[in-house]
Amino acid sequence: MDILEYDIARDAHPVDVIEHVANANDWSFERSGDDEISIAVAGTWTDYHVSYSWIEEFEALHLACAFDIKVPENRTLEVMRLLSLINEQMLFGHFDFWEQEGAVMFRQSLLLAGGLDPSSQQVEVLLHSALEACECYYQAFQFVIWSGSSARDALDSALFETCGSA
């Protein structure tokens, strides 16, 4: 199957839409080029560095959300096991490990084939779902890296929910 190439005119550059949403929400951002914007977001457990990139070739808006956590070499294998267990549960997006930087990040894309423009709501939902996933699993990464827990134990601990209040 060949990918057809069309000369598509968009109403706005997809990254312009993100910049508009960031301005409207008073998010701290930096536009590093026509096709990329970075947003800093404070989370409950850590600060997140979110990068949106427009990939013209695939008509895709890619989101990468990294957090400040360095994986020591001796915990890399267990972090990879944890990534596998987490990704089995993900409906949208996935976690990756960038070995060269020792960094964990969440990634997902919004396909906009045929000249579609992203809506403000889609941009916000993309960011919200990424942050929700990172907040949900951040402690599991911490358990594996700093307490030496196994991937399964760390995941079980992070997903433990309490009912009621004391």
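Residues numbered from 1 in each chain as written. Predicted model: local features only at pLDDT ≥ 70, side-chain atom pairs only at ≥ 80, totals over all residues. Heavy atoms only, no water.

Novice: Sorry if this is basic, but what is going on with the overall build of the chain here?
Specialist: Per the secondary structure count, the chain includes 4 helices and 6 strands. Going from the N terminus to the C terminus, the chain shows its helices and strands as α-β-β-β-β-α-β-β-α-α. With 166 residues in all, the chain has 40% of them scored as buried. For the chain, the share of sequence-separated contacts (at least 6 apart) that also reach a separation of at least 24 residues comes to 53%. (Helix = DSSP H or I, 4+ residues; strand = E, 2+ residues; numbered from the N terminus. Buried < 20%, exposed > 50% of the residue type's maximum accessible area, 1.4 Å probe, protein only. Contact = heavy atoms within 4.5 Å.)

Novice: Explain the pairing of strand β4 (residues 60–70) to me, please; I cannot follow it from the model alone.
Specialist: Note on strand geometry: in a regular strand, side chains alternate between the two faces of the sheet. For β4, a buried count of 9 out of 11 residues is recorded, marking the element as mostly surrounded by other parts of the structure. Strand direction decides the pairing type here: strand β3 (residues 47–55) and β4, joined by 8 bridges, are antiparallel. What sits directly across from Tyr52, in β4, is Leu63. Hairpin connection from β3 to β4: 4 residues lie between these consecutive antiparallel strands, with Glu59 at a positive phi of about 50 degrees. Where β4 lies against strand β6 (residues 103–111), 8 bridges are found, and the strand directions are antiparallel. By the bridge assignment for β6, Leu61 is matched with Leu110. (Pairing = 2+ DSSP bridges.)

Novice: Is there a simple way to explain a negative patch on the surface in this structure?
Specialist: Together, Asp34, Asp35, Glu36 and Glu56 make up a region of like negative charge exposed at the surface. Mapped onto the elements, Glu36 comes out in strand β2 (residues 36–42). (Patch = residues over 30% accessible without salt bridge, like charges linked within 9 Å, V, L, I, M, F, W, Y side chains within 5 Å. Areas by Shrake-Rupley, 256 points an atom, 1.4 Å probe, with all protein chains shown as cover. Salt bridge = Lys/Arg side-chain N within 4 Å of Asp/Glu carboxyl O. Lys, Arg positive; Asp, Glu negative; His and termini not counted. Charge placed at Lys NZ, Arg CZ, Asp CG, Glu CD.)

Novice: When you look at the sheet that holds β3 in this model, what are you seeing that I'm missing?
Specialist: The strands making up a sheet associate through backbone hydrogen bonding, with each pair oriented either parallel or antiparallel. Reading across from one edge, β1-β2-β3-β4-β6-β5 is the order of the 6 strands in this open sheet, with antiparallel pairing throughout. Two strands close off the open sheet at either side, each with one partner strand: β1 (28–33) and β5 (94–98). Strand-to-strand twist across the sheet, computed as the mean angle between neighbouring axes with direction ignored, equals 25 degrees. On top of the sheet, helix α3 (residues 120–146) reaches β2, β3, β4, β5 and β6; it is set at about 30 degrees to β4, its chief contact. (Axes fitted to C-alpha atoms, helices over the stretch in contact; angles between N-to-C directions.)

Novice: It is not clear to me how the pattern of salt bridges should be interpreted in this structure. Could you clarify?
Specialist: When the charged atoms of two side chains lie near each other, side chains of opposite charge can form a pair. On inspection of all chains with the given rule, the structure shows 5 salt bridges. A salt bridge links Arg81 to Glu78, with the nearest nitrogen and oxygen atoms 2.6 Å apart. In this pair, Arg81 and Glu78 both sit in helix α2 (residues 76–89), 3 residues apart, roughly one turn of the helix. What makes Arg81 partly exposed here is its relative accessible area of 42%. One salt bridge in this structure joins Arg107 and Asp96, with 2.7 Å as the shortest N-O distance. Here Arg107 is found in strand β6, whereas its partner Asp96 is found in strand β5, with 11 residues between them in sequence.

Novice: I tried to follow the packing of aromatic side chains on my own but got confused; where do I start?
Specialist: Think of a pair of aromatic rings as described by two things: how far the centres are apart, and how the planes are tilted against each other in angle. On inspection of all chains with the given rule, the structure shows 6 aromatic pairs. Chaining the aromatic ring pairs together yields one cluster made of Tyr48, Phe67, Phe95, Phe106, Tyr137, Tyr138 and Phe141. (Phe/Tyr/Trp six-rings, centres within 6.5 Å; stacked < 30°, edge-to-face > 60°.)

Novice: How should I be thinking about the nonpolar core in this particular structure?
Specialist: Inside soluble globular proteins, nonpolar side chains tend to come together where they are buried. Counting residues in each nonpolar core, the largest one holds 47 residues, and the members touching the most others are Tyr52, Phe95, Val104 and Phe141. Per-element accounting of this core gives the leading share, 13 residues, to α3. With residues near it in sequence (within four places) discarded, Val104 still touches Cys65, Ala66, Phe67, Ile69, Val71, Val79, Leu83, Phe95, Asp96, Phe97 and Phe141. (Core = buried A, V, L, I, M, F, W, Y, C linked by side-chain atoms within 4.5 Å.)

Novice: Could you clarify how one ought to interpret the side chain of Glu78 in this entry?
Specialist: Overall, Glu78 belongs to the buried group, its relative accessible area being 15%. What Glu78 contacts, discounting residues up to four positions off in sequence, is Val144, Ser149, Ser150 and Ala151.

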